[in-house]
Amino acid sequence: SFIEGNLGKLIFVYLFSTAILLVAAWALLSVAFLFVVRTAVLWFLMATAPIAFAAIILPKTREIFTKWWGELISKSFCVAVFLFFLWLITMFAETSPLRNLGAGKFIAGGINSDNSFLATALLILIQFSILLVLIIVAKQQTQKMCGAVAGFSMSMVSGLGTKAAGFLAGGV
């Protein structure tokens, strides 16, 4: 049958697909927590806006306004940074020069007979690796843009990840 003849290829593709999906899920979950905390910070910044604009009047309190304004701009644009990288990742996945050598053709044997299993597997591994790096860069740049909020939300996500791993391992 088809599966028996291509078991090695199937296992290879499924392992790397699983790895990329797990990393993508972790990155998206951590960014989701970051955006939730960011929303709360933006609410606080909006509530303190009258005080911040009043602080601009006196020279000694102008520094308060400057810090408030910097936080407002930073928190406002961190979503745009993530969405830009998400768009880049989507464009790369759709228009990758390696797309025609994708996993489906690899399993079905549609790749040139000249290519060995290892050469074709390496091409797929390169494409998966590039996507993985882009996802991690998107998460890191979003964290950098969101500043201190990122540290708090990332510690929450890592704590949840530790508890989930313990639960899956049979612990409490």
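Just above sits the structure.
Just so it is clear, the structure is predicted and the values come from calculations on it, not from any experiment.

Peer 1: Mind laying out the overall build of the protein chain, listing which residues take part and the relevant values?
Peer 2: On a plain count of helices and strands, the protein chain comes out with seven helices and zero strands. Tracing the protein chain from N to C terminus, the helices and strands come up as α-α-α-α-α-α-α. Taking the contacts inside the protein chain whose residues are at least 6 apart along the sequence as the reference set, 77% of them involve residues at least 24 apart. Approximately 10900 Å² of the protein chain is accessible, and the part contributed by carbon and sulfur atoms is 75%.

Peer 1: Please give an account of the pattern of salt bridges that cites residues and values.
Peer 2: When the charged atoms of two side chains lie near each other, side chains of opposite charge can form a pair. Taken as a whole, this structure holds two salt bridges when the rule is applied. Between Lys67 and Glu63 there is a salt bridge, and its shortest N-O distance comes to 3.4 Å. Separated by four residues within a single helix, Lys67 and Glu63 lie in helix 4 (residues 62-95), roughly one turn from each other. Both residues of the pair, Lys67 and Glu63, belong to the exposed class. In this structure, Glu71 and Lys75 form a salt bridge, with 2.7 Å as the shortest nitrogen-oxygen distance.

Peer 1: Tell me about the nonpolar core, residues and numbers included.
Peer 2: Core analysis: the biggest nonpolar cluster contains 20 residues, and Phe12, Phe35, Phe82, Ile89, Leu131, Ile135 and Ala138 have the highest contact counts within it. Looking at this core, the elements with two or more residues in it are helix 2 (7-47), helix 4 and helix 6 (117-146). Considering every element that reaches this core, the biggest residue donor is helix 2, with eight residues. With near-sequence residues (within four places) excluded, Phe35 lies in contact with Cys78, Val79, Phe82 and Thr142. Counting residues in hydrophobic clusters, the runner-up holds seven residues, among them Leu45, Ala49, Ala52 and Leu72.

Peer 1: Run through the packing of helix 2 against helix 4, naming residues and quoting values.
Peer 2: Interaxial distance between helix 2 and helix 4 falls to 10 Å at its minimum, and their mutual angle equals 150°. When the interaxial angle is binned, helix 2 and helix 4 end up roughly antiparallel. Handedness of the helix 2/helix 4 crossing: left-handed. Across from Leu28, Val31, Phe35, Arg38, Val41, Leu42, Leu45 and Met46 in helix 2, the residues of helix 4 making contact are Trp68, Glu71, Leu72, Lys75, Ser76, Cys78, Val79 and Phe82. In terms of residue class, the contact of helix 2 with helix 4 is made up of twelve nonpolar, one polar and three charged.

Peer 1: I'd like to hear about the state of the cysteines, residue by residue, with values.
Peer 2: Following the criterion strictly, the structure yields one disulfide and no others. A disulfide bridge connects Cys78 with Cys146, and the sulfur atoms are separated by 2.1 Å. Between Cys78 and Cys146, the S-S dihedral sits near 85°, and the bridge is therefore right-handed. Taken together, the positions of Cys78 in helix 4 and Cys146 in helix 6 put the pair 68 residues apart, joining distant regions of the chain. Residue Cys78 shares its accessibility class with Cys146, and that shared class is buried.

Conventions adopted
Residues numbered from 1 in each chain as written. Predicted model: local features only at pLDDT ≥ 70, side-chain atom pairs only at ≥ 80, totals over all residues. Heavy atoms only, no water. Helix = DSSP H or I, 4+ residues; strand = E, 2+ residues; numbered from the N terminus. Contact = heavy atoms within 4.5 Å. Areas by Shrake-Rupley, 256 points an atom, 1.4 Å probe, with all protein chains shown as cover. Salt bridge = Lys/Arg side-chain N within 4 Å of Asp/Glu carboxyl O. Buried < 20%, exposed > 50% of the residue type's maximum accessible area, 1.4 Å probe, protein only. Core = buried A, V, L, I, M, F, W, Y, C linked by side-chain atoms within 4.5 Å. Axes fitted to C-alpha atoms, helices over the stretch in contact; angles between N-to-C directions. Parallel < 35°, antiparallel > 145°, perpendicular 65-115°, else oblique. Left-handed = near helix turned anticlockwise from the far one by under 90°. Nonpolar A, V, L, I, M, F, W, Y, C, P; charged D, E, K, R; others polar. Disulfide = S-S within 2.5 Å.

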